[in-house]
Amino acid sequence: MALVLHLSQLTPPAPRPHHRRIARAVMDDAAQRQAGQVFALHNDDLLLLFQCDDGGSPLAATLAQLFQMDVPDSAQLFTLWSLEDDGAALLRYAQARVLDVPPEPPFAEPKGSAQAINELESVVGQNRITDLTQRQTAVLLAPGRDARLQPLFREISFSVAVLETRIAATGQAHADPFLFRHLASRLDARMLDALRQDLQANGPLTAGARGVGPKLHLNLTLSGILSDPFARFAAACRAIAAQVAIEISLVEACADPEAFTAARTRLRFAGLSLVLDGVSHHALMLTVPAVLEPDLIKLDWSPQLPEAGAAVAQAVAALGESRVVLHRAETEDALRWGLAHGIRRFQGRWVDTMLAAQRIGACGPGRCSMRQCAERASATGPAGRAGCRNPALLDAASPLAARSMAMA
């Protein structure tokens, strides 16, 4: 028998290194047990030649189950040939693969390092927080041909790219998800203290919390919410009835339900909104996020969302479209899909570009490119905003919000 696993059919940027590792491990195991051999082909496919009495169906079913999230249609994932009956087809496939261009050396995933995590935290302690943070604005897109983008909230977070640049260790922060969560929990205290001080001093970072501009969103770990720095931050928010929402990862909420319940109670007592972050379309079909009682749910956009069909549409409708933010909206297709399913709240690079176009239209042509305007709007420090002649418009996010702030 010959079984070809078509990793080349995975949607880019796949196949990733872990796809190759898992597939190779499964097929090597089958080769050892069934007198076979595995060949890695130039187009990323894996070919297994082996002897079997079961027609190869159990192995194919195992591979289909492993990769069903990436390739729901198993018919696209693998081809199974009997050498006795389908030898000519296998020969044609092999001849076509000979013509493939050899791939570049495979990308090596960076390994997590506790030392790198310590160095990243040290960078935060030794620099101004505004030089290390970034912000991104989410918008409400009302229906109608003349609809304008209405800024909803602005999320402030540490820029992982900037942090990694400071220690020349690209990819280290996310290399190990457990170390990354550990880093995030250690950075929470620095962020909370900085925002509390900014809030008390009427600073620019927390203008949205004071009702000047879009509402403030902050992504925290459960341990961060249950910490003393958060208690001090929450007290400062209560003192001025601040407009603040805290985002919590769905994965973290599910990993520690008791801590999540305690964190949710603390947020409610402080008068802060709860946002469920990192909800993939897979998670949306496997779970019921509404039972966690969030005020908003951030659904991550994926090119596979339209392929999910009615299941995702029904899940979004069950949540209530007014509670869903389509996050990571990096393309026009994302907005088109969201609007077609009743979603009007968006966050992502495509939104950043649309807001930049509006600001340039208000400022007048010829001053800045859209890329420059978008990058300056995401910056929180003077260095990243240098060159902008209308910083008040950057802080307002859009001309519509700027007029509202001026009237207020």
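These numbers were taken from a predicted model, which means no experiment stands behind them.

The rules behind the values
- Residues numbered from 1 in each chain as written.
- Predicted model: local features only at pLDDT ≥ 70, side-chain atom pairs only at ≥ 80, totals over all residues.
- Heavy atoms only, no water.
- Helix = DSSP H or I, 4+ residues; strand = E, 2+ residues; numbered from the N terminus.
- Buried < 20%, exposed > 50% of the residue type's maximum accessible area, 1.4 Å probe, protein only.
- Contact = heavy atoms within 4.5 Å.
- Domains from an automatic or database assignment.
- Pairing = 2+ DSSP bridges.
- Axes fitted to C-alpha atoms, helices over the stretch in contact; angles between N-to-C directions.
- Salt bridge = Lys/Arg side-chain N within 4 Å of Asp/Glu carboxyl O.
- Arc of directions from axis to C-beta.
- Expected span 1.5 Å × (residues − 1).
- Parallel < 35°, antiparallel > 145°, perpendicular 65-115°, else oblique.
- Nonpolar A, V, L, I, M, F, W, Y, C, P; charged D, E, K, R; others polar.

### Thoughts on the overall build of the protein chain
Of regular secondary structure, the protein chain possesses 20 helices and twelve strands. A principal-axis box enclosing the C-alpha atoms of the protein chain has dimensions of 80 × 50 × 45 Å. Looking at the protein chain as a whole, 45% of its 408 residues qualify as buried. Residue pairs in contact within the protein chain that sit at least 24 positions apart in sequence constitute 63% of those at least 6 positions apart.

### Notes on the domain arrangement of the protein chain
Domain assignment breaks the protein chain into domain 1 (2-99) and domain 2 (114-407). Summarising the inter-unit geometry, the C-alpha centres of domain 1 and domain 2 are found 41 Å apart.

### Observations concerning the sheet that holds strand β8 (residues 244-249)
Sheet architecture is closed into a barrel: eight strands sit in the order β5-β6-β7-β8-β9-β10-β11-β12, paired in mixed fashion. As paired strands, strand β11 (residues 324-327) and strand β12 (residues 345-346) are joined by two bridges and run parallel to one another. Looking at the pairing, Val325 lines up with Arg345 of β12. The strands that helix α11 (residues 257-270) touches are β8 and β9 (273-279); relative to β9, the one it contacts most, it runs at about 140 degrees.

### Description of the pattern of salt bridges
Applying the stated criterion to the full structure yields 17 salt bridges. Residues Asp28 and Arg24 are paired through a salt bridge, measuring 3.1 Å at the closest nitrogen-oxygen approach. Of this pair, Asp28 and Arg24 both sit in helix α1 (residues 17-33), four residues apart, roughly one helical turn. By relative accessible area, which is 31% here, Arg24 ends up partly exposed. What emerges from the salt-bridge pattern is a single network uniting Arg135, Arg385 and Asp395.

### Notes on helix α2 (residues 57-66)
Within the span of α2, buried status applies to Leu59, Ala60, Leu63 and Ala64. Along the axis of α2, the buried residues cluster in a sector spanning 135 degrees; they form a single face. Where α2 is buried, its residues contact β1 (2-5), α1, β3 (46-49) and β4 (78-81).

### Thoughts on helix α9 (residues 228-240)
The terminal C-alpha atoms of α9 lie 19 Å apart, and with 13 residues this matches the ideal 18 Å at 1.5 Å per residue to within 8%. Turning to α9, its buried residues are Pro229, Phe230, Phe233, Ala234, Ala236 and Cys237. Buried positions in α9, seen along its axis, are confined to an arc of 160 degrees and lie on one side of it. Pointing more than 90 degrees away from the buried face of α9 are the exposed residues Asp228 and Ala239. At its buried positions, α9 is contacted by α7 (177-200), α8 (222-225), β8 and α11. One or two positions beyond α9, positive phi appears at Ala241, with a value near 55 degrees.

### Description of the packing of helix α16 (residues 349-363) against helix α17 (residues 370-378)
Relative orientation of the contacting elements α16 and α17 amounts to 110 degrees, with a least axis distance of 8 Å. It follows from the interaxial angle that α16 and α17 lie roughly perpendicular. Across the interface between the two elements, Asp352, Thr353, Ala356, Ala357, Arg359 and Ile360 of α16 pack against Met370, Cys373, Ala374 and Ala377 of α17. Here the contact of α16 with α17 is built from residues that sort into seven nonpolar, one polar and two charged.

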